[in-house]
Amino acid sequence: MSELKQVEILLVEDSQEDAEITIRGLQQANLANNLVWLKDGEEALDFLFCRGRFSDHADYRPRLILLDLKMPKMDGIEVLKEIKQNPQTRNIPVVMLTSSAEESDIVRSYSLGVNSYLVKPVDFQKFSEEIAKAGIYWLVMNKVPG
């Protein structure tokens with residue numbers, strides 16, 4: 001799986017419709033060429049920590065993680081906690097991308113180290129535009145430690 005070494009964005013989203021809108025928004029900003037879409041938290045952690053079917057790409061980390069909050073198997077809060085507690089992954093920017101505007105979800109996400117919390121707009125076009133803006137900021141403008 002050496003092609004995974006080129007991944008810049010890890011999208012963790014269980015909804016196919018939301019994933020497609022997200023990918024479309026990133027494509028409009030020319031940021032979706034190096035994207036991997038995974039559908040649950042367990043799969044995301046396997047990818048990040050090179051376990052299971054991802055065990056052959058141990059030297060790779062994405063530049064940005066777009067993480068849904070409400071997912072099967074393991075929710076985004078649990079995934080975020082593991083990412084930010086691990087020295088290998090704690091510096092990867094994580095953007096919580098969710099339909100939840102609940103204050104408790106926002107507070108919990110920030111207390112665990114999320115870099116940004118975006119509520120998915122209901123309108124397709126607005127959602128797509130917001131994703132493009134977020135991708136440009138985190139992949140083009142933002143600087144992170146090497």
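Treat the numbers as computed from the prediction; the structure is a model and nothing was measured.

**Q** So what's going on with the overall build of the protein chain? Which residues, and what values?
**A** When helices and strands are tallied, the protein chain shows five helices and five strands. Reading the helices (α) and strands (β) of the protein chain from amino to carboxyl end gives β-α-β-α-β-α-β-α-β-α. Taking 15 Å as the expected radius of gyration for a compact globule of 146 residues, we find that the protein chain reaches 14 Å, a close match to that expectation. Out of the 146 residues belonging to the protein chain, those deemed buried represent 49%. Excluding contacts between residues fewer than 6 apart, the proportion of contacts in the protein chain whose partners are at least 24 apart in sequence is 66%. Per element, the accessible surface of the protein chain, about 7,600 Å² overall, is 47% carbon and sulfur. The positive charge centre, built from 17 side chains, and the negative charge centre, built from 23, are 6 Å apart in the protein chain.

**Q** Describe the packing of aromatic side chains, and please don't skip the residues or the numbers.
**A** Enumeration over the complete set of coordinates arrives at two aromatic pairs. On the basis of an interplanar angle of 80° and a centroid distance of 5.1 Å, the ring pair of Phe47 and Phe54 is categorised as edge-to-face. Each member of the pair, Phe47 as well as Phe54, carries the same accessibility label: buried. Relative to Trp138, the ring of Tyr137 has its centre 4.9 Å away and its plane inclined at 90°; by these criteria the two rings are edge-to-face.

**Q** Now, about unusual backbone geometry: what can you tell me, with residues and values included?
**A** For Asn30, which is not glycine, the phi torsion reads 55° and is therefore positive. Following the sequence through the fold, Asn30 ends up in the loop between helix H1 (16–28) and strand E2 (35–38). Exposure remark for Asn30: the relative accessible area of 66% places this residue in the exposed category. One non-glycine residue, Cys50, lies in positive phi territory at about 55°. Positionally, Cys50 belongs in the loop between helix H2 (41–48) and strand E3 (64–67). Look at Cys50 and you get buried, because its relative accessible area is 14%.

**Q** Describe a nonpolar patch on the surface, with residues and values.
**A** Together, Ile136, Tyr137, Val140 and Met141 make up a nonpolar patch on the protein surface, roughly 380 Å² of accessible area in all. Positionally, Tyr137 belongs in helix H5 (residues 124–141). By relative accessible area, which is 37% here, Tyr137 ends up partly exposed.

**Q** Explain the pairing of strand E5 (residues 116–119) to me, using residue names and the numbers behind them.
**A** Where strand E4 (residues 94–98) and E5 come together, four bridges link them in parallel fashion. Bridging across to E5, Thr98 finds its partner in Val119. Taken together, E4, helix H4 (residues 103–111) and E5 constitute a β-α-β crossover, and its handedness is right-handed.

What counts, and where the lines are drawn
Residues numbered from 1 in each chain as written. Predicted model: local features only at pLDDT ≥ 70, side-chain atom pairs only at ≥ 80, totals over all residues. Heavy atoms only, no water. Helix = DSSP H or I, 4+ residues; strand = E, 2+ residues; numbered from the N terminus. Rg over C-alpha atoms; globule rule 2.2 N^0.38 Å. Buried < 20%, exposed > 50% of the residue type's maximum accessible area, 1.4 Å probe, protein only. Contact = heavy atoms within 4.5 Å. Areas by Shrake-Rupley, 256 points an atom, 1.4 Å probe, with all protein chains shown as cover. Lys, Arg positive; Asp, Glu negative; His and termini not counted. Charge placed at Lys NZ, Arg CZ, Asp CG, Glu CD. Phe/Tyr/Trp six-rings, centres within 6.5 Å; stacked < 30°, edge-to-face > 60°. Patch = residues over 30% accessible without salt bridge, like charges linked within 9 Å, V, L, I, M, F, W, Y side chains within 5 Å. Salt bridge = Lys/Arg side-chain N within 4 Å of Asp/Glu carboxyl O. Pairing = 2+ DSSP bridges. Right-handed = clockwise from strand over helix to strand, strands pointing away.

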